[in-house]
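# Architecture and fold: a report
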Amino acid sequence: MDRKVLLIGFGNMGQALVRGWLERGIAPARIRVVDPVDASRAAAGRLGIDASETVDERALAARPDAVVIAVKPHQVEDAVRPLAPLADGGTLFVSIAAGKTITSLTRVLGERAAVVRAMPNTPAAIGRGMTVMTPSAGVAPAQRALADELLGAVGSTAWIDDEGLMDAVTAVSGSGPAYVFLLIECLTRAGTKAGLDPELAERLATATVAGAGAYAERSGEPAAELRRRVTSPNGTTEAALRVLMGDGGLDGLLERAVRAAADRSRELSAA
């Protein structure tokens, strides 16, 4: 990765991206950070990365190959407005701001701007994220490959052509880690009520969820097949699954949860 990257926002996700880029071999001198928080700029400086409080003439003069926008959704328009001159020079804009549509960005940057809207999730912090992206009409194949490089540094990537599906992506992948954390909480409480020491119950729940997820990922087989394989007829797992898969069980509950999250994502995008 020998491209020049301007990162707007050096919070948790921005820092995760930078760690991934450095591990992939991009030189600190090829990265520039803009963040109004003193501590964030100091953190960038400790990595050998030049940082400024606002977009200045040096940032514009450097003509970055990509601008990655990693600020809160309500800050996006103000953050990208000074960058509009770069849109006519072939710079790619990658936004990871939840709920901000491509149109909301091109309204500021110009209709011809090359914009990729991306939705990473929390495991990106440890390089195990899942990022789904959708491109504007102005994104060239080489820029799409660049976006894959940049977001692939923190995990897996996938693309969709229909931006309208980003609400469903947000509901499944973006919000999904919270559902898994809740599963760990509930499994811990259930184990405690069954008589286990709370600390042991949490350890068992966390390790079981993490291990099962890793096993599902590495096996490459459908989750339904893995479930069937570990369910002995008339055994303990089957007894539990009769509850989880029965009326009012997990399937319908998650369907309602994902629908609620997708609906809220659409509301935020329209705001």
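Refer to the structure printed above.
Residues numbered from 1 in each chain as written. Predicted model: local features only at pLDDT ≥ 70, side-chain atom pairs only at ≥ 80, totals over all residues. Heavy atoms only, no water.

## Comments concerning the pairing of strand β7 (residues 129-135)
- Most of β7 is tucked away: 5 of the 7 residues are buried.
- Pairing of strand β6 (residues 114-119) with β7 involves 4 bridges; the strand directions are antiparallel. Bridged to Arg 117 within β7 is Thr 134.
- In this structure, β7 lies alongside strand β8 (residues 155-159), joined through 5 bridges in parallel fashion. Following the sheet pairing, Thr 131 is matched in β8 by Thr 157.
- The handedness of the β7 to β8 crossover, carried by helix α6 (residues 141-152), is right-handed. (Buried < 20%, exposed > 50% of the residue type's maximum accessible area, 1.4 Å probe, protein only. Helix = DSSP H or I, 4+ residues; strand = E, 2+ residues; numbered from the N terminus. Pairing = 2+ DSSP bridges. Right-handed = clockwise from strand over helix to strand, strands pointing away.)

## Comments concerning the pattern of salt bridges
- One pass over the full model with this rule turns up 19 salt bridges.
- Residue Arg 81 is joined to Asp 78 by a salt bridge in which the shortest nitrogen-to-oxygen separation is 2.9 Å.
- For Glu 267, the salt bridge is made with Arg 264, and the minimal N-O distance between the two is 3.0 Å. Residue Glu 267 and its partner Arg 264 are located together in helix α12 (residues 250-270), separated by 3 residues, close to a single helical turn.
- Within this structure, Arg 32, Asp 50, Asp 56 and Arg 58 form a network of salt bridges that share partners. (Salt bridge = Lys/Arg side-chain N within 4 Å of Asp/Glu carboxyl O.)

## Observations concerning the nonpolar core
- The biggest cluster of nonpolar side chains holds 31 residues, and the ones touching the most others in it are Leu 7, Trp 21, Val 68, Leu 92, Val 94, Val 116 and Leu 150.
- For this core, the secondary structure elements donating two or more residues are β1 (5-8), α1 (12-23), β2 (31-34), α2 (38-46), β4 (66-69), β5 (92-95), β6 and α6.
- Residue contributions to this core peak at 4 residues, all from α6. (Core = buried A, V, L, I, M, F, W, Y, C linked by side-chain atoms within 4.5 Å.)

## Overview of helix α9 (residues 198-219)
- The end-to-end C-alpha distance of α9, which contains 22 residues, comes to 31 Å, matching closely the 32 Å that a straight helix rising 1.5 Å per residue would cover.
- Within the sequence span of α9, burial applies to Ala 201, Ala 205 and Val 209. Buried residues along α9 cover an arc of 60 degrees about the axis, so they all sit on one side. Summarising the geometry of α9, the exposed residues directed more than 90 degrees from the buried face are Glu 199, Arg 203, Glu 217 and Arg 218.
- Structurally, α9 contributes buried residues whose contacts are with α8 (176-193).
- The distance from a side-chain oxygen at the start of α9 to the backbone nitrogen of Glu 199 is 3.0 Å, and the residue carrying that oxygen is Asp 197.
- Phi turns positive one or two residues past the end of α9, at Gly 220, with a value near 75 degrees. (Expected span 1.5 Å × (residues − 1). Arc of directions from axis to C-beta. Contact = heavy atoms within 4.5 Å. Polar contact = N/O pair within 3.5 Å; in protein donor to acceptor, adjacent residues only side chain to side chain.)

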